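# Chain and residue survey
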Amino acid sequence: LPDADLHCADLKRADLHEADLEGADLHGADLNRANLERAELRWADLHGADLKRANLCGADLKDADLHRADLRGADLRDANMKGARMKGVRLESADLEQASLAGNLVGADFSDGRLARADLSGANLKDARFLNADLRQANFTACNLYAADFTGARLGKATFRRANLRDAVFTGAD
């Protein structure tokens, strides 16, 4: 289904396991609890899509548009999101263990999320929220973390080399 027009489609609980959706228009689609495990979503338009509790484990979301997408509780373990546009994305309680994220994540909310061993190197995480998130061994090398909030986060062995931590909040983080 490369370049498919599925904007605003009702794909709730759909099984799209290993589907080729490269460049597909899924703008505003309802993908709540959909199975997109190992799906090819490069260049896909998921702007404003509902991906709550979706399975995106191992999915390729490189250069996808996830602006204002709702990924609360989604499984994004091992997902590739390098270059994805994610301004204002909701990722509360999402599992991003070993995921690769880079690009514009300004204002993203990772609260209560699991980002252990995630690679966020070079990402723009200005004003991002990591409240009570598991960030053990996460890589924040060369990130813009200006005014990011790490209140209560678990940071064991996280890397912050060359990161901008100006006005970042670490209250109760360990």
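Everything below is about the structure shown above.
For the structure given in this document, a descriptive report is provided here. In this text, all values refer to a predicted model and were calculated from it rather than measured experimentally.

Calculation rules
Residues numbered from 1 in each chain as written. Predicted model: local features only at pLDDT ≥ 70, side-chain atom pairs only at ≥ 80, totals over all residues. Heavy atoms only, no water. Helix = DSSP H or I, 4+ residues; strand = E, 2+ residues; numbered from the N terminus. Rg over C-alpha atoms; globule rule 2.2 N^0.38 Å. Buried < 20%, exposed > 50% of the residue type's maximum accessible area, 1.4 Å probe, protein only. Contact = heavy atoms within 4.5 Å. Areas by Shrake-Rupley, 256 points an atom, 1.4 Å probe, with all protein chains shown as cover. Lys, Arg positive; Asp, Glu negative; His and termini not counted. Charge placed at Lys NZ, Arg CZ, Asp CG, Glu CD. Salt bridge = Lys/Arg side-chain N within 4 Å of Asp/Glu carboxyl O. Polar contact = N/O pair within 3.5 Å; in protein donor to acceptor, adjacent residues only side chain to side chain. Phe/Tyr/Trp six-rings, centres within 6.5 Å; stacked < 30°, edge-to-face > 60°.

What follows is about the overall build of the chain. A count of helical and extended segments in the chain gives zero helices and two strands. Taking 174 residues into account, the globule formula puts the C-alpha radius of gyration at 16 Å, and the chain, at 15 Å, falls close to it. Principal axes of the C-alpha set define a box for the chain whose edges measure 45 × 20 × 20 Å. Within the chain, the proportion of its 174 residues that are buried is 50%. Of the contacts formed within the chain by residues at least 6 apart in sequence, a portion of 1% connects residues at least 24 apart. Total accessible area computed for the chain in this model is approximately 7,600 Å², and 42% of it derives from carbon and sulfur atoms. Where the 25 positive side-chain charges of the chain centre and where its 30 negative ones centre are 6 Å apart.

Moving on to the pattern of salt bridges. Following the criterion strictly, the structure yields 20 salt bridges and no others. Across the pair lysine 12 and aspartate 30 runs a salt bridge whose closest N-O atoms are separated by 3.5 Å. With a gap of 18 residues between them, lysine 12 in the segment before strand E1 (80-82) and aspartate 30 in the segment before E1 connect regions that are remote in the sequence. A residue is classified by how much of its surface remains accessible, and lysine 12, at 46% relative accessible area, is partly exposed. By relative accessible area, which is 19% here, aspartate 30 ends up buried.

This brings us to the side chain of serine 111. For serine 111, the position within the fold is in the segment after strand E2 (100-102). Engagement of the side chain of serine 111 in a polar contact is seen with the side chain of aspartate 109, the distance being 2.6 Å.

Moving on, we come to the packing of aromatic side chains. Inspection of every chain in the model, using the stated rule, returns eight aromatic pairs. Both rings, one in phenylalanine 110 and one in phenylalanine 130, keep their centres 4.9 Å apart while their planes meet at 0°; by these two values the pair is stacked. A residue pair is termed long-range when its members are at least 10 positions apart, and phenylalanine 110 in the segment after E2 and phenylalanine 130 in the segment after E2 qualify at 20 residues. Note on accessibility: phenylalanine 110 and phenylalanine 130 belong to one class, buried. Measuring from ring centre to ring centre gives 5.9 Å for phenylalanine 140 and phenylalanine 150, while their planes differ by 85°; the resulting arrangement is edge-to-face. Of the two residues, phenylalanine 140 sits in the segment after E2 while phenylalanine 150 sits in the segment after E2, which places them ten residues apart along the sequence. Classification of phenylalanine 140 as buried rests on a relative accessible area of 0%. For phenylalanine 150, a relative accessible area of 0% puts it in the buried group.

A few words now on the side chain of aspartate 109. With respect to the helices and strands, aspartate 109 occurs in the segment after E2. A relative accessible area of 13% means that aspartate 109 is categorised as buried. Once you skip the residues sitting within four places of it in the chain, aspartate 109 turns out to touch Val89, Arg90, Leu91, Glu92 and Arg129.

Below, the discussion takes up unusual backbone geometry. You will see that arginine 13, though not glycine, has its phi angle at about 60°, which is positive. Judged by relative accessible area, which is 61%, arginine 13 ranks as exposed. In this structure, arginine 38 takes a positive phi of about 55° despite not being glycine.

Attention shifts here to the environment of arginine 136. With respect to the secondary-structure elements, arginine 136 resides in the segment after E2. Among the residues examined, arginine 136 registers a relative accessible area of 37% and is labelled partly exposed. A sequence separation of 131 residues divides arginine 136 from aspartate 5, and the C-alpha atoms of the two residues are 39 Å apart. Setting aside anything within four residues of it in sequence, one finds arginine 136 in contact with Leu115, Ala116, Arg117, Arg154, Leu155 and Gly156.

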